[in-house]
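# Reading the structure
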Amino acid sequence: MSTAQTSVPRIRTSPFSGVNPTFVAFELRRRFSRQTTVFTILLPAVLYLALFRTGPEGGALAHGNFAAWMMTGLAVYGAAMAAISSAATISIEKSSGWMRTIALSPLAPPGYLFVKVLCSVMMAAVPVAVIGVVGFATGARAEPGVWVTSLLVAWLGSAVFAALGIALGLALKPETVTHIPGLVMTALAFLGNLFIPLSGTMLEIARYTPMYGVSALARYALTDGYSFSGEHSSLAGAVLNVAAWLAAFSFMAIRRFRRSTGRL
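Residues numbered from 1 in each chain as written. Predicted model: local features only at pLDDT ≥ 70, side-chain atom pairs only at ≥ 80, totals over all residues. Heavy atoms only, no water.

Our working definition: UniProt positions are given in the numbering used here, feature names are shortened, and annotations may be inferred rather than shown by experiment.
With an unreviewed UniProt entry as reference, the protein is termed ABC transporter permease, source organism Streptomyces pacificus. A UniProt comment under Subcellular location (unreviewed entry) is attached to the protein, and it reads "Membrane".

Given below as structure tokens:
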């Protein structure tokens with residue numbers, strides 16, 4: 001006599017079910033490829049060396065010089081580029097059927113997002129450290145507390161773009177995702193006041209873009225919120241910008257993950 005077996009669905013006991021050190025270590029090994037690491041380190045450093053002497057004449061900052069201003073902006077850019085690089089691996093995971101495998105596991109969408117963001121932020125520490133060393137060697141000047149605060153915020157702010165990388169990776173095909181994130185981040189960096197000091201209408205537009213909030217927070221201790229043209233950006237506005245874009249990108253990423261795995 002045969003006994004009928006009933007499959008018991010896996011139950012997610014918390015939003016972070018399935019997250020464990022083994023999964024995090026596996027993800028980190030995959031992310032630190034030679035090509036990705038070299039690109040995320042070299043590009044911000046080269047851009048900094050090309051731009052750190054291009055400050056406006058007579059421009060003054062409250063707690064440092066223009067090289068420190070540019071160093072902070074390029075640290076934000078490098079961290080964001082490192083964080084969004086997850087898009088390529090995620091797109092490959094989706095196209096290879098890995099998402100269907102995840103659907104059979106106890107890993108919940110918030111847990112998947114958390115691990116991807118965590119590993120992206122850890123990877124983002126590398127270009128921030130490199131830019132800090134290059135800035136110190138080339139005359140970037142700021143008070144010690146300002147220096148540490150600026151680079152720390154630039155690093156932690158990469159979480160915003162880690163969430164964006166997940167959303168893009170789940171939305172785009174592998175043959176497309178290798179080009180789109182870099183182009184998107186470079187455009188957002190220009191709009192976000194990272195490469196060239198903006199003023200007037202351009203600065204007002206920049207206040208609503210994703211990179212502006214992180215760069216304004218990272219530079220606040222250096223500038224007290226003032227631009228080279230004397231315009232002021234509030235600390236509360238920068239915090240609101242970061243929170244809003246992080247929430248938006250996280251929502252997009254979780255929605256795309258649920259569609260990819262068929263899980264609610």
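### A word on the overall build of the protein
Note the threshold: Working definition: helices are DSSP H or I runs of at least four residues, strands are E runs of at least two. Numbering for both runs from the N terminus. Each residue is assigned to one of three classes by its accessible area relative to the maximum for its type, calculated with a 1.4 Å probe on protein chains only: buried under 20%, partly exposed between the two thresholds, exposed over 50%. To measure how exposed things are, a 1.4 Å probe is used in the Shrake-Rupley method; for residues, cover is taken only from the protein chains shown.
Along the protein, the regular secondary structure elements total 13 helices and zero strands. Seen in sequence order, the protein has helices and strands lined up from the N terminus as α-α-α-α-α-α-α-α-α-α-α-α-α. In the protein, buried positions account for 47% of the 264 residues. Put simply, the protein shows about 12900 Å² of open surface, and 67% of that area lies on carbon and sulfur atoms.

### Focus on the environment of Val-148
The topology assignment puts Val-148 in helix H7 (residues 144-156). Classification of Val-148 as exposed rests on a relative accessible area of 54%. The spatial distance from the C-alpha of Val-148 to the C-alpha of Gly-132 is 9.4 Å, given a sequence separation of 16 residues.

### A few points about the nonpolar core
We count it as follows: The nonpolar core is taken to be a set of buried Ala, Val, Leu, Ile, Met, Phe, Trp, Tyr and Cys residues, with the residues joined through side-chain atoms within 4.5 Å. In this description, contact between two residues means that some pair of their heavy atoms is separated by no more than 4.5 Å.
Of all hydrophobic cores here, the largest spans 70 residues; its most connected members are Tyr-48, Tyr-77, Tyr-112, Phe-161, Ile-166, Met-185 and Met-211. Not counting residues within four places of it along the chain, the set of residues in contact with Ile-166 comprises Ser-86, Ile-90, Tyr-112, Leu-113, Lys-116, Val-117 and Ala-253. Counting six residues, the second-largest nonpolar core is a separate cluster that includes Leu-203, Ala-206, Ala-216 and Ala-238.

### Some words on the UniProt feature "transmembrane region" (unreviewed entry) in the protein
In this structure's numbering, the residues bearing the UniProt feature "transmembrane region" (unreviewed entry) are residues 36-54, 66-92, 113-140, 146-171, 183-203 and 235-254. Within residues 183-203, the helical portion is 62% and the strand portion 0%, while the C-alpha atoms at the span's ends are 21 Å from each other.

### Remarks on the packing of aromatic side chains
Let me state the cut-off plainly: For Phe, Tyr and Trp, rings pair up if their centres lie within 6.5 Å, where Trp contributes its six-membered ring, and each pair is then called stacked (planes under 30 degrees apart), edge-to-face (over 60) or tilted (otherwise).
On inspection of all chains with the given rule, the structure shows eight aromatic pairs. Note on Phe-66 and Phe-228: the rings are 5.7 Å apart at their centroids and 50° apart in plane angle, and the pair reads as tilted. Of this pair, Phe-66 sits in helix H3 (residues 66-84) while Phe-228 is found in the loop between helix H12 (210-223) and helix H13 (235-261), placing the two residues 162 residues apart along the sequence. Among the residues examined, Phe-66 registers a relative accessible area of 12% and is labelled buried. Ring geometry for Phe-190 versus Phe-195: centroids 4.8 Å apart, planes at 85°, classification edge-to-face. On the basis of relative accessible area, Phe-190 is assigned to the partly exposed category, the value being 43%. A relative accessible area of 4% places Phe-195 in the buried class.

### Here we look at the packing of H7 against H12
To keep things clear, this is the line we draw: Only the stretch in contact is used when a helix axis is fitted, and all axes are lines through C-alpha atoms; the angle between N-to-C directions ranges over 0 to 180 degrees. Convention used here: angles under 35 degrees read as roughly parallel, angles over 145 as roughly antiparallel, angles from 65 to 115 as roughly perpendicular, and any remaining angle as oblique. Each residue is assigned to one of three groups, with Ala, Val, Leu, Ile, Met, Phe, Trp, Tyr, Cys and Pro labelled nonpolar, Asp, Glu, Lys and Arg labelled charged, and all others, Gly among them, labelled polar.
Where H7 meets H12, the axes come as close as 8 Å, and the angle between the chain directions of the two elements is 175°. What the angle tells us is that H7 and H12 run roughly antiparallel. Along its contact with H7, which presents Val-146, Thr-149, Ser-150, Val-153 and Ala-154, the element H12 presents Val-214, Leu-217, Ala-218, Ala-221 and Leu-222. For the contact of H7 with H12, the per-class residue count stands at eight nonpolar, two polar and no charged.

### As for unusual backbone geometry
Not every positive phi belongs to a glycine, and Asn-193 is a case in point at roughly 70°. Turning to its location among the elements, Asn-193 is positioned in the loop between helix H10 (180-191) and helix H11 (200-206). A relative accessible area of 10% places Asn-193 in the buried class.

### Description of H10
Cut-off, in case you're wondering: Expected helix span is given by 1.5 Å per residue-to-residue step, counting one fewer step than there are residues. The reported arc concerns the directions from the helix axis to the C-beta atoms and nothing else.
Between the first and last C-alpha of H10 there are 17 Å, a value that for twelve residues agrees with the 16 Å anticipated at 1.5 Å per step. Listed as buried for H10 are Pro-181, Met-185, Leu-188 and Ala-189. Relative to the axis of H10, the buried residues are bounded by an arc of 105° and lie together on one face. In this fold, the buried residues of H10 make contact with H3, helix H4 (86-95), helix H8 (158-171), helix H9 (174-177) and H12. Remark: Asn-193 follows H10 within two positions and exhibits a positive phi of approximately 70°.

### A word on the pattern of salt bridges
The condition that has to hold: Each reported salt bridge corresponds to a side-chain nitrogen of Lys or Arg within 4 Å of a carboxyl oxygen of Asp or Glu.
What the rule picks out here adds up to three salt bridges. Glu-204 serves as the salt-bridge partner of Arg-207, at 3.1 Å between the closest nitrogen and oxygen. On the basis of relative accessibility, which here comes to 39%, the residue Glu-204 falls in the partly exposed class. Beyond isolated ion pairs, a larger network of salt bridges with shared partners links Glu-27, Glu-93 and Lys-116.

### Things to note about the confidence of the model for the protein
Any residue range with low pLDDT should be treated as having predicted coordinates unsuitable for detailed reading. Rules: By definition, pLDDT measures how confident the predictor is in each residue, and it falls between 0 and 100.
Confidence in the prediction of the protein, expressed as mean pLDDT, is 85, and 90% of residues score 70 or more. The lowest-confidence element of the protein is helix H5 (residues 98-103), averaging 71 in pLDDT; the highest-confidence one is H12, averaging 96. For residues 1-9, every residue scores under 50 in pLDDT, and the model assigns this stretch zero contacts once sequence neighbours within four places are set aside.

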